[in-house]
Amino acid sequence: MEQTKSTFDVLSAINVNDKVEKKSNLTYLSWAWAWSETKKAFPDAYYEVLSDPNTKKPYFYDEYLGYMVMTEVVINNEMLEMWLPVMDGANKAMLAQSYTYSTRYGEKTVEAATMFDINKTLMRCLVKNLA
């Protein structure tokens, strides 16, 4: 009797090594490539960007903690939810206004989040979810 592979087994067998991109000290996988590979393996897969039920916006916001985005991926009727904060290049939470913080190298500024930052984070969240 042949046993079918699990969703995890199928997706984790995909070699991503030649598709990763480097930015500073971080490694990224293109959301478009990751989603394409998922759809090749599971044509019925779909994802959804979760919205704040109060604002209907594709992010959640707390004035002290910053922005958070969430996605859901459904493959073979299995739903997985993932979340990711909107961060700058130094992994600092982005807020509605810019702010500064001190380091041993001096003052650093975190710029205010933009829709571009939120969109990038949504796609990173999708890749995190697929991973």
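Quick notes on the rules
- Residues numbered from 1 in each chain as written.
- Predicted model: local features only at pLDDT ≥ 70, side-chain atom pairs only at ≥ 80, totals over all residues.
- Heavy atoms only, no water.
- Helix = DSSP H or I, 4+ residues; strand = E, 2+ residues; numbered from the N terminus.
- Contact = heavy atoms within 4.5 Å.
- Core = buried A, V, L, I, M, F, W, Y, C linked by side-chain atoms within 4.5 Å.
- Buried < 20%, exposed > 50% of the residue type's maximum accessible area, 1.4 Å probe, protein only.
- Pairing = 2+ DSSP bridges.
- Phe/Tyr/Trp six-rings, centres within 6.5 Å; stacked < 30°, edge-to-face > 60°.
- Lys NZ or Arg CZ within 6 Å of the ring centre and 35° of its normal.
- Axes fitted to C-alpha atoms, helices over the stretch in contact; angles between N-to-C directions.
- Parallel < 35°, antiparallel > 145°, perpendicular 65-115°, else oblique.
- Left-handed = near helix turned anticlockwise from the far one by under 90°.

> How should I be thinking about the environment of Thr100 in this particular structure?
Here Thr100 lies in strand E7 (residues 99–103). Linking Thr100 and Glu111, residues 11 residues apart in sequence, is a C-alpha distance of 8.7 Å. Setting aside chain neighbours within four positions, we find Thr100 in contact with Glu107, Lys108 and Thr109.

> How should I be thinking about the nonpolar core in this particular structure?
Nonpolar side chains tend toward joint burial in soluble globular proteins. By size, the foremost hydrophobic cluster in this structure holds 14 residues, and its most contacted members are Tyr67, Val69, Val86 and Ile118. Of the residues forming this core, the biggest block, 4 residues, is contributed by helix H3 (residues 115–130). If sequence neighbours within four positions are ignored, Ile118 has contacts with Tyr59, Tyr67, Val69 and Val86. Formed by 10 residues, the second largest nonpolar core is a distinct cluster that contains Ala34, Trp35, Phe42 and Ala45.

> Which parts of the structure should I look at to understand the pairing of E7?
Successive side chains on a regular strand alternate, one facing one side of the sheet and the next facing the other. In terms of strand pairing, E7 meets strand E8 (residues 106–110) through 5 bridges, oriented antiparallel. Paired with Thr103 across the strands is Gly106, a residue of E8. Taking the residues that link successive antiparallel strands as the turn, the E7-E8 hairpin has 2 residues.

> Mind showing me how you'd approach the packing of aromatic side chains here?
In this description, an aromatic ring pair is defined by two values, namely the gap between the centres and the angle between the planes. If you walk through the whole model with that rule in mind, you get 3 aromatic pairs. On the numbers, 5.0 Å between centres and 85 degrees between planes, the contact of Trp35 with Tyr47 is edge-to-face. On the criterion of sequence distance, the pair formed by Trp35 in helix H2 (residues 31–41) and Tyr47 in strand E3 (residues 46–49) is long-range, its members being 12 residues apart. Residue Trp35 is classed as buried on the basis of its relative accessible area of 15%. Considering the side-chain rings of Tyr61 and Tyr67, the 4.3 Å spacing of their centres and the 45 degrees angle between planes classify their relative orientation as tilted. Assessed through its relative accessible area of 31%, Tyr61 is described here as partly exposed. Since its relative accessible area comes to 11%, Tyr67 is described here as buried. Ring-pair connections join several aromatic residues into one group, and the members of that group are Tyr59, Tyr61 and Tyr67. Just above the ring of Tyr101 sits the side chain of Lys92; from NZ or CZ to the centre is 4.6 Å.

> Even after reading the chapter, I still don't get the packing of H2 against H3, so can you show me in this structure?
When two helices pack together, their arrangement is given by the angle between the helix axes and by the axis-to-axis distance. At a minimum axis distance of 9 Å, the contact between H2 and H3 shows a crossing angle of 40 degrees. Relative to H3, the element H2 lies oblique. As for how H2 packs across H3, the hand of that crossing is left-handed. Where H2 approaches H3, its residues Trp31, Ala34, Trp35 and Thr38 are matched on the opposing element by Met123, Leu126, Val127 and Leu130.

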